[in-house]
Structure formats: C-alpha cells, structure tokens
Amino acid sequence: MRSVINGIEAGGQDIKRTLTTPNPNAPSLIGMVKDASHAGQGMLGLTREALNGTLDPTSDEAIRRATEGAMLISPVGAGTATARGGVTAIKALSPAAADAERLGVRFSAGQRTMDPAILSREDAMMGGALGDEAQKVAQDFRAGQRQDMLNAAGGIEAAAGRGQADLARNQDAGQIVTDAVQQAAADAKAGYKAKYDTAFAQDGSLDPAVFTGRPASTEAHPNPAMPLPGPAAVPDAYAAPMSRRITDALVSAPDPVIIDPVLTPAAHRALGTLDNIDNLKLGSIGQPGAADDVVGINLRGVDQARRQLAAHAKAAAANPADQRAVRSIIDQFDNQVQTAMENGMFSGSDEALGALKDARQAYASYRRTFTPQGAGDDVGRAMNTIINRDATPEQVANLLYSGTKVGQNANSVRLADRLKGVIGEESPEWSAIRQGAWQRVLGPMEQSPQRAATRILDFVNGDGQSLAKRLFSDTERQHMTTLANVIKATAAPAGTANTSQSGNRLAGLMRKSLTALGASIGGTAVPGIHPAVGAAIGAVAGRGAETLGGTRAAAEARQLFGGQVPVTIGQRLLQVRRPILTTGQRRVAPIARQYLPGQDQTAQ
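Here's a quick rundown of the structure. (Residues numbered from 1 in each chain as written. Predicted model: local features only at pLDDT ≥ 70, side-chain atom pairs only at ≥ 80, totals over all residues. Heavy atoms only, no water.)

### So, empty space enclosed by the protein
Right, on to step 1. On inspection of all chains with the given rule, the structure shows two cavities of 30 Å³ or more.
Right, on to step 2. Of the volumes computed, that of the largest cavity is approximately 50 Å³.
Right, on to step 3. As for the largest cavity, its lining consists of L400, Y401, S412, L415, A416, L419, W430, I433, L467 and L471.
Right, on to step 4. Contributions of two or more residues to the lining of the largest cavity are made by α17 (393-401), α18 (410-423), α19 (428-442) and α21 (465-471).
Right, on to step 5. The element that contributes the greatest number of residues to the lining of the largest cavity is α18, accounting for four residues. (1 Å grid on protein atoms, 1.4 Å probe; cavity = no way out; pocket = protein on both sides within 12 Å on 5 of 7 lines; lining within 4 Å. Points joined across faces, edges and corners; volume = space filled by probe spheres on them. Helix = DSSP H or I, 4+ residues; strand = E, 2+ residues; numbered from the N terminus.)

What follows is the structure in structure tokens.
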C-alpha cells in the first residue's frame, strides 16, 4: 500500500514540476480544467440534439463536435491553443506530398494533408503522450523519413558526378582541380615556348638599332628595306635604345607600371638586363668587340635576349606587383621586336613574322588564363594560387565555392567560367566541381535537414543562384528545389507541435499517475474487500486500462505514420451511401459496425 501511495506522490510531484515550469507552449492547468468543463457541457448538448432529432449523429458536423470535445478532455490537447481552435476538416493532399512520393520520401498523414488536428496528434505520439509503443512507432517513422531524405539527396549527388566523380568530401574537388589546372598550365607553357623556338629558328636578322637605338643622322639607313607606314616608321622611332622605349611605354600605359627597386626588385633588375641588351651583351652567343661593325642580330640572339628577361619572372613569383612588372617588360620586348619586323627592320624568312605572331598569341593566352592581369583580377590571382602557391585542397575548395553560403561571392562564379574553359564542361574534373558544390550545399544534412533545405534554396534561388546556373541545368536545379520543399514540409507548422515536449511529458506522467490512482481507489472504495486486495485489483485494472489505451494508440500511430489519412464516420457513410432511417422527429443510424473496414456492409 505504501508503494502505491509513494507512486502517486511521485507522479504528482512530476506533474507539479511540469506545470510550474514556465513554458508558453505547454498546457495550462487552469486551461485544462476550463476546457474539460466546456467539453462536458458541449457533449451533453450534442447528445440532447441527437436525441431530439435536430442533429444527424452520423454527420460530419456531429463527428467534428464530438472529436473537438474529446480533444479538449484529453490531457494531450486540453489547455492548448490547438484544442481550443477546434478540429478542422481533412484537407486535400498538399503539393509536397506528391513531390515526396516521387522522391521516395515517406510522409505521415498529417504531413500529407497539413491538417492541424492530425499534426497535433502525431506530435503527441512523437513526444510520448500516448504511450511508449505509439512513441516508438513515431520515432521509427522519423528515422526512416530522415534516411529517405538522405537517399534522395544522394541521388542528386550521384547525378552531379555523372558517373565520373565519387567524392568522399567536397574538399576533394579542390585537389582534383589543382592537379588539372597545374597540368593545363604546364602544357600551355610548353606550347608557347615551343612556338617561340620555332619562330626564333627562322633565318633572318634584325637591325641592331632595334636594340641600341640610333642617333639622328643624315646618313642612309644601313638596312636597305623600306619602312612600312605606321607609328613605328617615323624617322626618330629608334632614336632611343630599347630600354628607354620600354620604360616610356610602361609609364604611359592606361594602367601604368612603375618600376621601383624596393617594391618591384625583380623588375628593376630586368631593366638592368635591358641595358645590357641595348649594348648587345646577349650572353652565351658572344659579345661584339669595340671595333666590330654589327650589321644585324639573328633571331637566335633575339631569343637569347628574351630568355634573360624571362629569368627574372621566377624571382618575382612571390610578389604579385613585381611579377606583373616583369611580365609587362617581357610583353613590351615582344612588342618592340614584332613592330620592328612589321616595319622593315627585319630581313630574312617570310615565315619568321607569322611564327613570331603565333608564339606571342600562345603566350598571351597563357597569361590571360593562368596569371593575374592587374590589381583587380581576383580570378587571375586565384589561378596563380592554385598553380604556384601550394594551396591545400581546402583552400582551393573555398575558392571554388565561397564561404558559408555556396556561390555568394562573385569571384567563385568568375572562377567557374575560367575553369570551364580550361578543363572543359564534359570533363571528370568539372563533374567533381559539380558534385563537390552539392555536397557543400547540403552540409551535415543528417544533423539538421531543415537547415540543409534553407541552404539548398539559397543556392538555387538566392545568393548562390549565379553559380548554380553555371554548374547545373534547369532540370537539375528544379530537382533540388523540390527536395528542399519536401524537407521543409516535414517540419510541423506553428501551433501544431509542442516544441519543448513538456505538454507531452505531462500527458505521459498523468497516464502513469492515473494507474497508481486506480490502485489507491481500489484499496479504499471497494466495500467488503480487504484494502490490500482492493489496491491490487485497482492497480491491475489501471495497468490494464493503460495497456489497452497504449495498444489502441499504437495502432492509430501505425495508421497515421503509415500515411493513411483518417476518414470520419460521416464521410464513410456518405461513401457507401447507406440510408438514414427516420422515426418521427428522431433519426436512427444503421449499426456502426456495418460500415467499419472489413465488415459486411450489406446486412440490414
């Protein structure tokens, strides 16, 4: 007996703690009492109307009022806004339900219809208010639904990889891209160098004045070729040595290049190399003596001069400003040589000029693709980081996808455009970029599907949509949006869920306390029976009632979480079109069991 009393007291204390814990979403004790009183009066009125014939007891209206009363009396619904709002009629299936079916994501009856009453009932089961067995059914459903969503997301991931990529993590795309870009850059570099070798292997020679300059003189030009019209053919075009002409061109450019011994040390040394070239000190090919009369510089000598300048580029690799300055010097050297060949300062093979132009185009393409082209060229700097800076896969992945929101940075969009031209849209590397982007968007989806849905919508329709359009087709993006909407639909709408679950815990505690209360009543209120025997009978009866209620709730949970939408008795009667017999002012419904599933509906 003492154990029974202790159980009642413990249950009462638990209920008291739950009721006194501040929580706006939890049921209120006063509200529960008021709602139960209101429900009792409503049920009496419903019975009176059914008996006097003013209300069809099988109608949807009668069913709605009876269900509302039951909801108010129930410890699950009493005292809550959902209960006081009544039970609404079952709605048509939500749009997300059809999408979920196509994606293979299971939906409960509440999620399929978005009916607040059904959703509240399912939430009560999920929180344990209707017993442990019903709660287990609900929790198994939730785990299965999450796995369904992960499977649907995995299908999109596989499609993004196109059978060419299977990444363990999105950062792996960074390593794949690094390898591909470095190889492409190496191939392009070897290509333009080979073209320069071809050009400089041609027969012919340049006028020495292209390097040394020539003072103003009335003597005939030593080169018999006639200058072609153009800016470089004016009489004093070669009055200054090449180093001076290049320096002037750099300073007067639209984006001036200023050579400074501290800020651009490698470029400053390159100017010193130009001074040597002015004096025809071309390195390993030999230097002219003081009394030698140099009548021409062959193209191999021009190549040697260019190689001396190019050697300074390696020293400038760690300094973007210095690197830009050195490359600008080399560009101007190439421009001076080509202009001289076009304007009569070259004699020799007709193919030499064309070969040199091909080489310059290949070099210019290499620079545009793989190196920075100015202070604001973020994509060029990103490419240089990938090629020359030993960037980690994580760093490259950040360049590809931006920060917390995939594609929110415009640089990642421009980098995608550049990479598409380098590695090709149909390449395995591009597939890896696509798959890595989707993995990055999803994040740890198993931890928070709702946050993953938000990230998907931001990527497809928000800040990341420009990158999304670069990587995925319209159909693929629509598939992503559908998945996000389905995930969103699995979250309970406001007012249909007890977020803190305190109300559901309270209902579960009341169920257990009422079992103990049955034991107490049995021990004191059964005449002629020993109190201990009565307590035992009451406890058994209470436990039996709890077990029966739990079994019924579990059966209901299997129906709801199996996606079966409940149908009211009134709706079922309408479906089978059974008549309602009337006697005077009173209406008599056929036996209810005749219209339950699996029963004989032809019996009268």
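### Observations regarding the packing of aromatic side chains
Right, on to step 1. As enumerated under the stated definition, the model contains nine aromatic pairs in all.
Right, on to step 2. Measuring from ring centre to ring centre gives 5.1 Å for F141 and F561, while their planes differ by 40 degrees; the resulting arrangement is tilted. You can see F141 sitting in helix α8 (residues 132-161) and its partner F561 sitting in the loop between α24 (531-560) and α25 (569-576), a full 420 residues away along the chain.
Right, on to step 3. For F561, a relative accessible area of 8% translates into the label buried.
Right, on to step 4. Relative to Y363, the ring of Y196 lies with its centre 6.4 Å away and its plane at 65 degrees, an arrangement referred to as edge-to-face. A residue pair is termed long-range when its members are at least 10 positions apart, and Y196 in helix α9 (residues 172-200) and Y363 in helix α15 (residues 351-370) qualify at 167 residues. For the pair Y196 and Y363, one class covers both residues: buried.
Right, on to step 5. Grouping aromatic residues by their ring pairs yields a cluster made of Y192, Y196, F200, Y363, Y366 and F370.
Right, on to step 6. When the ring centre of Y196 is taken as origin, the NZ or CZ atom of R306, which lies over that ring, is 3.9 Å away. (Phe/Tyr/Trp six-rings, centres within 6.5 Å; stacked < 30°, edge-to-face > 60°. Buried < 20%, exposed > 50% of the residue type's maximum accessible area, 1.4 Å probe, protein only. Lys NZ or Arg CZ within 6 Å of the ring centre and 35° of its normal.)

### Description of the pattern of salt bridges
Side chains bearing opposite charge may pair, as long as their charged atoms lie close to each other.
Right, on to step 1. By the definition in use, this model includes 22 salt bridges.
Right, on to step 2. For D197, the salt bridge identified is with R307, shortest N-O distance 3.2 Å. Here D197 is found in helix α9, whereas its partner R307 is found in helix α13 (residues 299-315), with 110 residues between them in sequence.
Right, on to step 3. The exposure class assigned to D197 is partly exposed, which follows from its relative accessible area of 34%.
Right, on to step 4. Looking at R307, the relative accessible area reads 47%, which means it is partly exposed.
Right, on to step 5. Across the salt bridge formed by K357 and E342, the nearest N and O atoms sit 3.6 Å from each other. Linking K357 in helix α15 with E342 in helix α14 (residues 320-342), this pair joins segments that are 15 residues apart in sequence.
Right, on to step 6. Using a relative accessible area of 25% as the deciding quantity, one classes E342 as partly exposed.
Right, on to step 7. Because the salt bridges share partners, they merge into one network encompassing D197, R300, D303 and R307. (Salt bridge = Lys/Arg side-chain N within 4 Å of Asp/Glu carboxyl O.)

### Overview of the environment of A355
Right, on to step 1. Following the sequence through the fold, A355 ends up in helix α15.
Right, on to step 2. Once residues lying within four places of it in the same chain are set aside, the contact partners of A355 are K195 and A199. (Contact = heavy atoms within 4.5 Å.)

### As for helix α11 (residues 242-251)
Right, on to step 1. All of the buried residues along α11 are M242, S243, R245, I246 and L250. For α11, the buried positions fall inside an angular range of 165 degrees around the axis, keeping them on one side. (Arc of directions from axis to C-beta.)

### A few points about α15
Right, on to step 1. The terminal C-alpha atoms of α15 lie 29 Å apart, and with 20 residues this matches the ideal 28 Å at 1.5 Å per residue to within 8%.
Right, on to step 2. Taken together, the buried positions of α15 are occupied by A352, A355, L356, A359, R360, A362, Y363, Y366, R367, T369 and F370.
Right, on to step 3. As for α15, its buried residues are in contact with α9, α13, α14, β3 (346-348), α16 (378-388) and α18. (Expected span 1.5 Å × (residues − 1).)

### Topic: the sheet that holds β3
Right, on to step 1. Pairing in this open sheet of three strands is antiparallel, and the strands run β2-β1-β3 from one edge to the other. Looking at strand neighbours, the two that pair on one side only are β2 (297-298) and β3, the edges of this open sheet.
Right, on to step 2. In the sheet, strand β1 (residues 204-206) pairs with β3 via three bridges, with the strands oriented antiparallel. Paired with G204 across the bridge in β3 is G348. (Pairing = 2+ DSSP bridges.)

### Regarding unusual backbone geometry
Right, on to step 1. For R162, which is not glycine, the phi dihedral falls at a positive 55 degrees.
Right, on to step 2. The backbone of D390 sits at a positive phi, close to 55 degrees, despite the residue not being glycine.
Right, on to step 3. Inspection of the secondary structure puts D390 in the loop between α16 and α17.

### Quick notes on the side chain of Q338
Right, on to step 1. Mapped onto the fold, Q338 is located in helix α14.
Right, on to step 2. Filtering out sequence-adjacent residues up to four positions away, Q338 remains in contact with L353, L356, K357 and R360.

### A few points about the nonpolar core
Right, on to step 1. If you look at the biggest cluster of nonpolar residues, it comprises 104 residues, and the most contacted ones within it are F211 and W438.
Right, on to step 2. When residues of this core are assigned to their parent elements, the largest contribution, ten residues, is made by α9.
Right, on to step 3. Not counting residues within four places of it along the chain, the set of residues in contact with F211 comprises L206, P241, M242, I277, D278, L280, I297, V302 and F333. (Core = buried A, V, L, I, M, F, W, Y, C linked by side-chain atoms within 4.5 Å.)

### Observations concerning the packing of helix α12 (residues 265-278) against α14
Right, on to step 1. Interaxial distance between α12 and α14 falls to 7 Å at its minimum, and their mutual angle equals 20 degrees. Our classification of the angle between α12 and α14 gives roughly parallel. Counting all contacts with α12, which are made through P265, A266, A267, A270, L271 and L274, the residues of α14 involved are D322, A325, V326 and I329.
Right, on to step 2. Its residues placed into classes, the contact of α12 with α14 shows nine nonpolar, no polar and one charged. (Axes fitted to C-alpha atoms, helices over the stretch in contact; angles between N-to-C directions. Parallel < 35°, antiparallel > 145°, perpendicular 65-115°, else oblique. Nonpolar A, V, L, I, M, F, W, Y, C, P; charged D, E, K, R; others polar.)

### Describing the layout of surface pockets
Right, on to step 1. As a volume, the second largest pocket reaches approximately 640 Å³.
Right, on to step 2. Residue lining of the second largest pocket: 25 residues in total, with K189, Y192, K193, A310 and A313 positioned closest to the centre.
Right, on to step 3. Top contributing element to the lining of the second largest pocket by residue count: α9, with nine residues.
Right, on to step 4. In terms of residue class, the lining of the second largest pocket is built from 13 nonpolar, three polar and nine charged.

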